[in-house]
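What follows is each chain in one-letter form.
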Amino acid sequence: MKHETQVRLIEELIGQLDTGTNADAGGFRRNPTSVYVDPEHAAKEWEAFFRNHPQIVGLSGDLPEPGSFMTVDDFGVPIIASRDADGRFMAMVNACRHRGALVVEEERGTSRRFTCRFHSWTYDNGGALVGMPKREHFGAIDTNCHGLIRLPAVEKDGVLWVHPQPDGTIDVDSLLTPELTAELSSWNLGELQADGRMTFDVACNWKLAIDTFGETYHFPSLHQNTINLGFHGNVSGHEKFGRNHRFLLCRRGIDHVRTLPQEQWNITEAATPAYWLFPNIQLIVTDFGAFFIRICPDPKNPAHHISKITIFFRPGTSGSQEELDAHRELQRHLSQFFTDIIRDEDYVMSASQQVTANSGALTHIVFGRNEPALHHYHNTYRAALGMELLPLLSDVND
Ligand code: FES
Ligand SMILES: [Fe+2]
């Protein structure tokens, strides 16, 4: 992030702290609870945002070397994401061209070849069909026409993009905006190493999971004995980048940062930036790495989702081996702390919200002036689905 942007954002947070204010959406919005339960709405999201939309499947560190691969099965099409022998990022449909078995069953690994367990057709890690037992028995087919189906795949600034449809397109600048592309590029995400993974299976709609990352109003209440000790609640920064946004959580470290000359101000000491990357990514940047969260809907059940979290470590910030080990340990510690809170506090509330949404007891819930990221997020997907936008209201009393 440009230093002038860091200073501007830190000044904004200090301004809020000093005046007892918060980011301000300028009014309220009422959100219908049906968006969390309606199967028709969920089906539209699934088609528009998942099956037929570019997806961020990971960061470069998820595929650390030539031959690295991972399978992704979150968009209706089973996918192999891999690096070929030259380290190029590729994506293919994980379906054997013989009779359609999954070719790769492991979640991740490193391999030069993928061999289908059924009859041992073998593909290289770029998807070319390179081996068939008993070809003379099977019959003459052109192996060039029977490689794994390639999917559009782009690796840019350390982010791995795949389109689940072979004829789909991925235009990162238009998806993220040039400003956000430049900002993400400045984090050097390509340097990050994957250093731990976890999966949370939660009885809530995927959007309720995203909602919990969009305000700090809940810190002094829900997180009074956890996050609130390290962060100022009721202070936040919110900036839109097209369909995406950057949300800032204000660290208590800002109390020290503000005593330093501005040239020494560092945004990750003063705050924790959390990027929402449309449709379902939370990317949270920390001093020593990042948390990368893919919030995956369940196409069969709007009241269920799975969050897949990868912890990334940035080795480049360290000098000696001792320092490196200490930083890695700190990042692990912080990761455990954060992910425990997400699971035990935030997602418990998300599941609780789902219970009442399922009941239909409330037709609407309300987003306050201090929850602008939620205003933006909900109107963003509504606009993308051609739905009427939630109006900004000055009064919600009736
Ligand atoms: S289905 Fe894969 S080799 Fe037959
Ligand atoms: Fe929270």
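Please read these numbers as outputs of a predicted model, since none were measured by experiment. (Residues numbered from 1 in each chain as written. Chains lettered and ligands numbered in written order. Predicted model: local features only at pLDDT ≥ 70, side-chain atom pairs only at ≥ 80, totals over all residues.)

**Points about the sheet that holds strand β2 (residues 55-59)**
Sheet strands pair by backbone hydrogen bonding; their relative direction is either parallel or antiparallel. Pairing is antiparallel in the open sheet, where 3 strands are placed in the order β2-β12-β11. Every other strand in the sheet has two partners, leaving β2 and β11 (153-156) as the edge strands with one partner each. In this sheet, adjacent strand axes meet at a mean angle of 25 degrees when their direction is disregarded. Bridge count between β2 and strand β12 (residues 159-162): 4 bridges; the pairing is antiparallel. By the bridge assignment for β12, G58 is matched with L160. (Pairing = 2+ DSSP bridges. Helix = DSSP H or I, 4+ residues; strand = E, 2+ residues; numbered from the N terminus. Axes fitted to C-alpha atoms, helices over the stretch in contact; angles between N-to-C directions.)

**Quick word on the domain arrangement of the protein chain**
Considered domain by domain, the protein chain is made up of domain 1 (3-52 + 178-384) and domain 2 (55-169). For domain 1 and domain 2, the distance between their C-alpha centres works out to 32 Å. Of the residues lining the interface, 20 residues belong to domain 1; the matching set on domain 2 comes to 15 residues. Counting only elements with at least two residues in the side of domain 1 that touches domain 2, the list comes to α2 (39-51), α5 (178-186), β13 (193-202), β18 (289-297) and β19 (305-313). Tallied by class, residues from the side of domain 1 that touches domain 2 come to 11 nonpolar, 7 polar and 2 charged. (Domains from an automatic or database assignment. Contact = placed C-beta atoms within 7 Å. Nonpolar A, V, L, I, M, F, W, Y, C, P; charged D, E, K, R; others polar.)

**Some words on unusual backbone geometry**
Phi is mostly negative for residues that are not glycine, and the peptide bonds are mostly trans. Omega for the peptide link from F278 to P279 comes to 5 degrees, which places this bond in the cis form. Take P279: it is sitting in the loop between β16 (271-277) and β17 (281-286). Of note in this structure, D157 is not a glycine but carries a positive phi near 50 degrees. If you trace the backbone, D157 turns up in the loop between β11 and β12. Backbone geometry places T177, a non-glycine residue, at a positive phi of 80 degrees. When you line up the elements, T177 lands in the loop between α4 (172-176) and α5. With 16 C-beta atoms packed within 10 Å, T177 lands in the partly exposed category. (Buried ≥ 20, exposed ≤ 12 C-beta atoms within 10 Å, placed from the backbone.)

**Section: the environment of A91**
Inspection of the secondary structure puts A91 in strand β5 (residues 89-93). It is 9.0 Å that separates the C-alpha atoms of A91 and V154, two residues lying 63 residues apart in sequence. With sequence-adjacent residues up to four places away left out, A91 is seen in contact with I79, I80, A81, L151, A153 and V162.

**Overview of α2**
Among all positions in α2, only A42, E45, W46 and F50 are buried. Where α2 is buried, its residues meet β18 and α12 (372-384).

**Topic: the environment of S221**
Looking at the element boundaries, S221 is found in helix α7 (residues 219-222). Sequence separation between S221 and A85 is 136 residues; the distance between their C-alpha atoms is 51 Å.

**Quick word on helix α1 (residues 3-19)**
Two residues of an α-helix separated by three or four positions point the same way, owing to the 3.6 residues in each turn. Along its 17 residues, α1 runs 24 Å from first to last C-alpha, staying within 8% of the 24 Å computed at 1.5 Å per residue. In this fold, the buried residues of α1 make contact with β14 (231-241), β15 (244-251), α9 (254-257), α10 (267-270) and β16. Remark: G20 follows α1 within two positions and exhibits a positive phi of approximately 65 degrees. (Expected span 1.5 Å × (residues − 1).)

**Remarks on the pairing of strand β4 (residues 79-83)**
Regular strands have side chains that alternate between both faces of the sheet. When you tally the buried positions in β4, you get 5 out of 5 residues, the bulk of the element. By the alternation rule, side chains of β4 split into I79, A81 and R83 and I80 and S82, which are all buried. Sheet analysis places β4 next to β5, joined by 5 bridges and oriented antiparallel. Paired with R83 across the strands is F89, a residue of β5.

**Notes on the sheet that holds strand β9 (residues 129-131)**
Reading across the sheet, the 3 strands line up as β7-β8-β9 and stay open at both edges, with antiparallel pairing between neighbours. Of all strands in the sheet, those with a lone pairing partner are β7 (113-115) and β9, marking the two edges. Strand after strand, the sheet turns through a mean of 40 degrees between neighbouring axes, direction not considered. In this structure, β7 lies alongside strand β8 (residues 122-124), joined through 3 bridges in antiparallel fashion. In the sheet register, R113 faces β8, and the bridge partner there is D124.

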